[in-house]
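Chain and residue survey
The residues making up each chain are set out below.
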Amino acid sequence: MSVPRGTTAPTVVAVTELSPADLSGLRPGDELLFLNGRSPRDVIEYSLLVDEPELDLVVRRRGVTDPFTVSVSKEAGEPFGVEVSSALFDRVRTCDNHCEFCFIQQLPKGMRRSLSLKDDDYRLSFLYGNFTTLTRFTEMDLERVLSEHLSPLFVSIHATDPDVRSRLLGNRRGATSLRWLSALLEGGIEVHGQIVVCPDRNDGAILHDTLAGVLDRYPTLATVACVPLGVSRFSKEPGMRPHTQPEAAEVCDAIDLWQETFLTAIGRRMVYAADEYYLMADRPFPAKSTYEGFPQHENGLGMARAFEAAFGGDERAALGVRPGFFAWVDGAPAAGYRAQRADPSAPGAAGDAPIAILTGEYGARVLAPLVESLGRPDIRLLPVPNDYFGGNIGVSGLMTGIDLTRMLETQPVGHRYLLPDSCLSEGRFLDDLSVTDLPRPVEVVATDGLSLRRALDGARPASPASGAGCGSTPVGRSERIPVSIGASR
Ligand code: SF4
């Protein structure tokens, strides 16, 4: 007895003590071939199945010749108590676009293979907030999204003009796939949009045309983020280049203008520019209130203002970040990955030692006035140039172990080194090094102002915690973070 072709069975990686799964005898390593006669395609379907009060499972266990049946009775909605090893049990739907600005195409050789997987799968959009272009979306997908109310979703718009969009995506289906966006919005799905703005491609008049198209055709979109393209030194696209300062300023102006227009037309601003634009343009960030609750904080919109507010003690602004770049590919949990924090008792981390904050070059510009405001000569910023990716990459979330090593080797022992968790995924940097490979002990701090402030004030967690914002897991935990079934995003 086996699962349908192209599907793998959910594998149990942990069982909660005294949960229905535990009392039914399930163990880590068990493969759940069928649940009430069905073989789920993903954790979304799986979660619905294990929500049932009566469950008949067909289980395959190593060392046992034949699969066997386990019956579970529980209260409807009672957590089943199982963590499984991945989010998708069938194949991830990969992208068949050919965007010139694709950052995955600009990764250096030698990065772990999972990072080069280009997904375009609405399920990962729902589970992890990945953006989908909808070029591979189908009528059946729409039916499922609407019937299971898989909301919110995150859609890459880039341009509303069909020809421009298909050129940007390098895919003729890009011209028509926004029809699905209309259908999703009409079906009551909350959708957040994104525009990767590329100089000479979809900036200037095209950006204005796109934002006019959004207002005209998709006024019920929740938000639209305008983000700059990243160009690493490995880019092979001659037409792709970073924005100049005047071009970045033009994007800021366009967003100002359209925010006013949207505010007048629909009563909210809807469109935002990523923080990087204000840094590139050398302009102050917009006021905190203009971000209207930071709905795309994790996409770099208003992160600086939220960080500043949390640093000043506003706990509601301590939003933290999502797992980090590409973290989902190894099956990060729906509730969000929480990074490892180095052992606070590690040698050289005395409580009154001078403190250095490791950060990207953009991050340093955000942090400089905050640190300066403390008036503490024992705290310094250590901006880490991103030589690994090169190009215009300066965000903290893309710091790598090799660049950090280069920086830390020049730094004194016995100081405290604080590292934002946004550059880690499952305890590893993008270049596969881990915090324990670094030449100095570091304290991994959740990437929000409140956590940094607490770390600077000397507060260090005595025990691991979880949850949004400032949770952490201890060094030594399994590298593979399982998906928690039943966890809602
Ligand atoms: S849709 Fe995304 S993953 Fe696919 S080519 Fe474009 S940028 Fe790359």
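Let me begin by describing the structure that accompanies this report. (Residues numbered from 1 in each chain as written. Predicted model: local features only at pLDDT ≥ 70, side-chain atom pairs only at ≥ 80, totals over all residues. Heavy atoms only, no water.)

**Examining the overall build of the chain**
Along its length, the chain carries 13 helices and 16 strands. Relative to its 489 residues, the chain shows a buried fraction of 56%. Within the chain, counting contacts between residues at least 6 apart in sequence, those at least 24 apart form 72% of the total. Summed over all atoms, the accessible surface of the chain reaches about 20,900 Å², with 52% contributed by carbon and sulfur. (Helix = DSSP H or I, 4+ residues; strand = E, 2+ residues; numbered from the N terminus. Buried < 20%, exposed > 50% of the residue type's maximum accessible area, 1.4 Å probe, protein only. Contact = heavy atoms within 4.5 Å. Areas by Shrake-Rupley, 256 points an atom, 1.4 Å probe, with all protein chains shown as cover.)

**Focus: the sheet that holds strand β3 (residues 54-60)**
An order of β2-β3-β4 is seen for the 3 strands of this open sheet, with the pairing classed as antiparallel. Unpaired on one side and paired on the other, β2 (31-35) and β4 (68-73) mark the two borders of the sheet. Along the sheet, successive strands turn relative to each other by an average axial angle of 35 degrees, direction set aside. Against the sheet, helix α2 (residues 43-50) contacts β2 and β3, and its axis sits at roughly 65 degrees relative to β2. (Pairing = 2+ DSSP bridges. Axes fitted to C-alpha atoms, helices over the stretch in contact; angles between N-to-C directions.)

**A word on the site of the ligand**
Looking at the ligand, the residues that line it are C95, N97, C99, C102, K118 and T133. Per-class residue counts for the shell around the ligand are 3 nonpolar, 2 polar and 1 charged. (Near = heavy atom within 4 Å. Nonpolar A, V, L, I, M, F, W, Y, C, P; charged D, E, K, R; others polar.)

**Considerations on the environment of H192**
Within the fold, H192 resides in strand β7 (residues 191-197). Taking the C-alpha atoms as reference, H192 lies 6.4 Å from L153; in sequence the two are 39 residues apart. H192 has contacts with F131, P152, L153, F154, V155, L221, A222, T223, P295 and Q296, leaving out every residue within four places of it along the chain.

**Here's the deal with the packing of aromatic side chains**
Taken as a whole and assessed by the stated rule, the structure comprises 10 aromatic pairs. Here the aromatic rings of Y46 and F89 are separated by 6.2 Å at their centres, their planes lie at 65 degrees, and the arrangement is edge-to-face. Here F89 lies in the loop between β5 (82-84) and α3 (122-128) and Y46 lies in helix α2, a separation of 43 residues in the sequence. Taking relative accessible area as the criterion, Y46 reaches 0% and is therefore assigned buried. Three or more aromatic residues link up through ring pairs in this structure, and these residues are F103, Y388 and F389. One Lys or Arg, R453, reaches over the ring of F311 and ends 5.2 Å from the middle of that ring. (Phe/Tyr/Trp six-rings, centres within 6.5 Å; stacked < 30°, edge-to-face > 60°. Lys NZ or Arg CZ within 6 Å of the ring centre and 35° of its normal.)

**Focus: the pattern of salt bridges**
Under the defined criterion, the tally for this structure stands at 28 salt bridges. Close ionic contact of D253 with R283 constitutes a salt bridge, the shortest N to O distance being 2.8 Å. One end of the pair, D253, is in helix α8 (residues 245-266); the other, R283, is in the loop between α9 (275-281) and α10 (303-311), and 30 residues separate them in sequence. Taking the relative accessible area as the measure of exposure, D253 reaches 38% and is therefore partly exposed. For E292, the salt bridge is made with R269, and the minimal N-O distance between the two is 3.0 Å. With E292 in the loop between α9 and α10 and R269 in the loop between α8 and β9 (271-273), this pair connects stretches of sequence that are 23 residues apart. Among the residues examined, E292 registers a relative accessible area of 34% and is labelled partly exposed. Bridged by salt links that share partners, the residues D42, D90, D121, R123, R144 and E148 form one connected network. (Salt bridge = Lys/Arg side-chain N within 4 Å of Asp/Glu carboxyl O.)

**Things to note about the side chain of T135**
As for its placement among the helices and strands, T135 is situated in the loop between α3 and α4 (139-147). A polar contact is formed between the side chain of T135 and the side chain of N97, at a distance of 3.2 Å. Residues contacting T135, with those up to four places away along its chain left out, are D96, N97, D120, L169, N171, R173, G174 and S177. (Polar contact = N/O pair within 3.5 Å; in protein donor to acceptor, adjacent residues only side chain to side chain.)

**Looking at the sheet that holds strand β6 (residues 153-156)**
Overall, parallel pairing links the 4 strands, which are arranged β6-β7-β8-β9 in an open sheet. Since the sheet does not close on itself, it has two edges, and those belong to β6 and β9, each with one partner. Taken over all neighbouring pairs, the strand axes of this sheet differ in orientation by 25 degrees on average, direction set aside. With 6 bridges connecting them, β7 and strand β8 (residues 223-228) associate as parallel partners. Following the sheet pairing, Q194 is matched in β8 by A225. Packed onto the sheet, α8 meets β7, β8 and β9 and runs at close to 160 degrees relative to β9.

**Looking at the nonpolar core**
In terms of nonpolar packing, the biggest core is built from 102 residues, with F80, L181 and L221 touching the most fellow members. Among the elements that line this core, the one with the most residues is α8, at 8 residues. Listed in part, the 17 residues of the second largest apolar core include L358, L404, M407 and L419. (Core = buried A, V, L, I, M, F, W, Y, C linked by side-chain atoms within 4.5 Å.)

**Side note on helix α6 (residues 179-186)**
Listing the buried residues of α6 in full gives W180, L181, A183, L184 and L185. The secondary structure elements touched by the buried residues of α6 are α4, β6 and β7. Following α6 by one or two positions, G188 adopts a phi angle in the positive range, close to 85 degrees.

**Considering the packing of α10 against helix α13 (residues 449-456)**
Two elements in contact, α10 and α13, have axes separated by 7 Å at closest approach and are oriented at 40 degrees. One element, α10, and the other, α13, form an angle in the oblique class. α13 is crossed by α10, and the crossing has right-handed handedness. Every residue of α13 that contacts α10 at F307, A310 and F311 is listed here: G449, L450, L452, R453 and L456. (Parallel < 35°, antiparallel > 145°, perpendicular 65-115°, else oblique. Left-handed = near helix turned anticlockwise from the far one by under 90°.)

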